[in-house]
Amino acid sequence: MPAPDILLLRPMQASVMEALEAAFALHRLDTATDPSARLAEIGPRIRGLAVNAHAPVDRALMERLPNLEIVSSFGVGYDTIDAREAGRRGVIVTNTPDVLSDEVADLALGLLLATVRQIPQADRHLREGRWPQGSFPLTATLRGRTVGILGLGRIGRAIARRLEGFGVAIAYHGRRRQEDVPYAYHPTLLALARAVHLLMVVAPGGPETSGIVDAAVLDALGPDGILINVARGSLVDEAALIAALQAGTIHGAGLDVFANEPHVPEALSALGHTVLLPHVGSGSVHTRAAMGQLVVENLVSWFSGKGPVTPVAETPWSGRT
Ligand code: 8YV
């Protein structure tokens, strides 16, 4: 049997591309001089797509791939993939959950501490030779604080477990109360924001959560409030956040994700009480290798008739072949 045809929309890490080349007939759209013509030519043969979390996979693309069976995506978030449309067409979508949860949770805690205690700013104070002229200003604290988690999924829970060791109170908001955790549940995001000092955003992106951290939520967080976002920039109304930081109606923000990556508003960089990271939550050699391996395993497993390893909720695997 000929090797199944797999399409790559954008380059992926070398280990993934090498493994895909070894197991499949790999076609690359990113190196095509005329991607649309190339898609018209090979589209009907393509049975699998390998994508990173930033390449949109929408209905228009799926229509050009009539024999598509599976989309294997690099990353846990898949808000750029129309998974419902995939489900309607009988196309499986897979992501890379679990293998990155601890890595992202570690980074989230690092970002939280860096923002509260202004660690990057203190480093700059020293490097720029300002210490002899005066001590670094005193900072905010985690002592006696409550941290609210928006989205108590796999990564949210890994963050909460780490926070338990920091001696802070923990609360959360999500679609439903989770009976097996000891943290305080708030049925609305606004109620959570009112009850906490720090808000950690870990919920999935997509139309349902777009802009939910809005001016009212930021206002409820209050002047001592700190926002941390390691999820997707789309959850936060970035203009409202900039306005709140500029007016001092919240204290600070630590952001690993932005509305229009890799572009970050100059107004955010200009603010003293922000810590800004270039979307590095899962970005260690170890974890990116594990994610890449899972992208390949999903395709290999599917085309050997064993089903997908980690299908998303919208395209559950029912055991058919
Ligand atoms: C991405 C992420 O994988 O997993 C996610 O949802 O946001 C990251 O880990 C990364 O952006 C890949 O480029």
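Numbering of residues begins from 1 in every chain and follows the order in which that chain's sequence is written. Reporting of local features is limited, given that this is a predicted model, to residues whose pLDDT is at least 70; pairs of side-chain atoms are given and counted only at 80 or more, and all residues count toward the totals for whole chains, interfaces and linings. Think of the side-chain values as coming from all heavy atoms in the structure, minus any hydrogens and water.

Engineer: Would you mind showing me how to read the site of the ligand here?
Structural biologist: Here a residue is near a molecule or strand as soon as one of its heavy atoms is found within 4 Å of it. Around the ligand, the surrounding shell consists of His-54, Phe-74, Gly-75, Val-76, Gly-77, Leu-100, Arg-232, His-279, Ser-282, Arg-288 and Met-291. The contact in question runs from an oxygen atom of the ligand to an N or O atom on the backbone of Val-76, over 2.7 Å. Here an oxygen atom of the ligand sits 2.7 Å away from a polar atom, N or O, in the side chain of His-279. A 1.4 Å probe and the Shrake-Rupley method give the accessible areas. Residues count as covered only by the protein chains that appear here. When the ligand sits alone it has 320 Å² of accessible area, and the protein chains cover 88% of it. Note that Gly is not counted as nonpolar here; it falls among the polar residues with everything else outside the nonpolar set of Ala, Val, Leu, Ile, Met, Phe, Trp, Tyr, Cys and Pro and the charged set of Asp, Glu, Lys and Arg. Partitioning the shell around the ligand into residue classes produces four nonpolar, five polar and two charged. In the analysis that follows, any N or O atom pair within 3.5 Å is treated as a polar contact, provided that within protein one partner can donate a hydrogen and the other can accept it, and provided that, for residues neighboring in sequence, both atoms belong to side chains.

Engineer: Is there a simple way to explain the sheet that holds strand E7 (residues 169-173) in this structure?
Structural biologist: Across a sheet, paired strands are connected by hydrogen bonds in the backbone, their directions being either parallel or antiparallel. Strand order in the open sheet formed by seven strands is E8-E7-E6-E9-E10-E11-E12, with parallel pairing between adjacent strands. With partners counted over all chains shown, the strands left at the sheet margins are strand E8 (184-185) and strand E12 (274-276), one partner each. Any two strands with at least two DSSP-identified bridges between them are counted as paired. Helix and strand assignments come from DSSP, with helices taken as H or I runs of at least 4 residues and strands as E runs of at least 2, each series counted from the N terminus. Where strand E10 (residues 226-229) and strand E11 (residues 252-255) come together, four bridges link them in parallel fashion. Along E11, the bridge assignment pairs Leu-227 with Ala-253. This element, helix H10 (residues 238-247), spans E10, E11 and E12 of the sheet and lies at about 140 degrees to E11. Residue contacts are counted whenever heavy atoms from the two residues lie within 4.5 Å of one another. Note on method: axes are straight lines fitted to C-alpha atoms, helices fitted across the in-contact stretch only, with angles between N-to-C directions ranging 0 to 180 degrees.

Engineer: In this structure, what is going on with the domain arrangement of the protein? I would like to understand it.
Structural biologist: How big an interface is tends to be reported as the loss of accessible area on association of its parts. Segmentation of the chain into domains, including their bounds, is taken from an automatic or database domain assignment. Domains assigned within the protein are domain 1 (5-99 + 286-303) and domain 2 (101-276). Computed over C-alpha atoms only, the centres of domain 1 and domain 2 are separated by 32 Å. Listed by partner, the interface residues are 11 residues for domain 1 and nine residues for domain 2. For the pairing of domain 1 and domain 2, the buried interface totals around 690 Å² over both sides, and the portion due to carbon and sulfur atoms is 40%. Once two parts are brought into contact, the accessible area they lose, counted with a 1.4 Å probe and summed over both, makes up the buried area. Looking at the side of domain 1 facing domain 2, the largest losses of area belong to Asp-79, Asp-98 and Thr-287, adding up to 56% of the total buried there. Salt bridges are counted wherever a side-chain nitrogen of Lys or Arg sits within 4 Å of a carboxyl oxygen of Asp or Glu. Between Asp-98 and Arg-154 there is a salt bridge, with its nearest N and O atoms 3.8 Å apart. Counting across the domain 1 and domain 2 interface gives four residue pairs in polar contact (both at pLDDT 80 or more). Residues that form the side of domain 1 that touches domain 2 fall into these classes: four nonpolar, four polar and three charged.

Engineer: I tried to follow unusual backbone geometry on my own but got confused; where do I start?
Structural biologist: The bulk of non-glycine residues show a negative phi, and the bulk of peptide bonds are trans. The peptide bond linking Glu-261 to Pro-262 adopts the cis configuration, its omega dihedral lying at 5 degrees. Of note, Pro-262 is situated in the loop between E11 and helix H11 (266-270). Not every positive phi belongs to a glycine, and Asp-98 is a case in point at roughly 65 degrees. With respect to the helices and strands, Asp-98 occurs in the loop between strand E5 (92-94) and helix H5 (101-116). Despite not being glycine, Gln-118 shows a phi value in the positive range, around 50 degrees. Inspection of the secondary structure puts Gln-118 in the loop between H5 and helix H6 (119-127).

Engineer: Looking at this structure, how should I read the pattern of salt bridges?
Structural biologist: Between side chains of opposite charge, a pair can form as their charged atoms come close. For the structure on display, the rule yields 17 salt bridges. The partner of Glu-85 in a salt bridge is Arg-88, with the nearest N and O atoms 2.9 Å apart. Separated by three residues within a single helix, Glu-85 and Arg-88 lie in helix H4 (residues 83-88), roughly one turn from each other. Overall, the relative accessible area of 7% leaves Glu-85 in the buried class. What makes Arg-88 exposed here is its relative accessible area of 62%. As a salt-bridge pair, Asp-123 and Arg-127 come within 2.4 Å of each other at their nearest N and O atoms. Of the two residues, Asp-123 and Arg-127 both sit in helix H6, four residues apart, roughly one turn of that helix. Arg-127 gets classed as exposed once you look at its relative accessible area, which sits at 63%. Burial here depends on accessible area, computed with a 1.4 Å probe over protein chains only, as a share of the maximum for the residue type. Under 20% is buried, over 50% is exposed, and the range in between is partly exposed.

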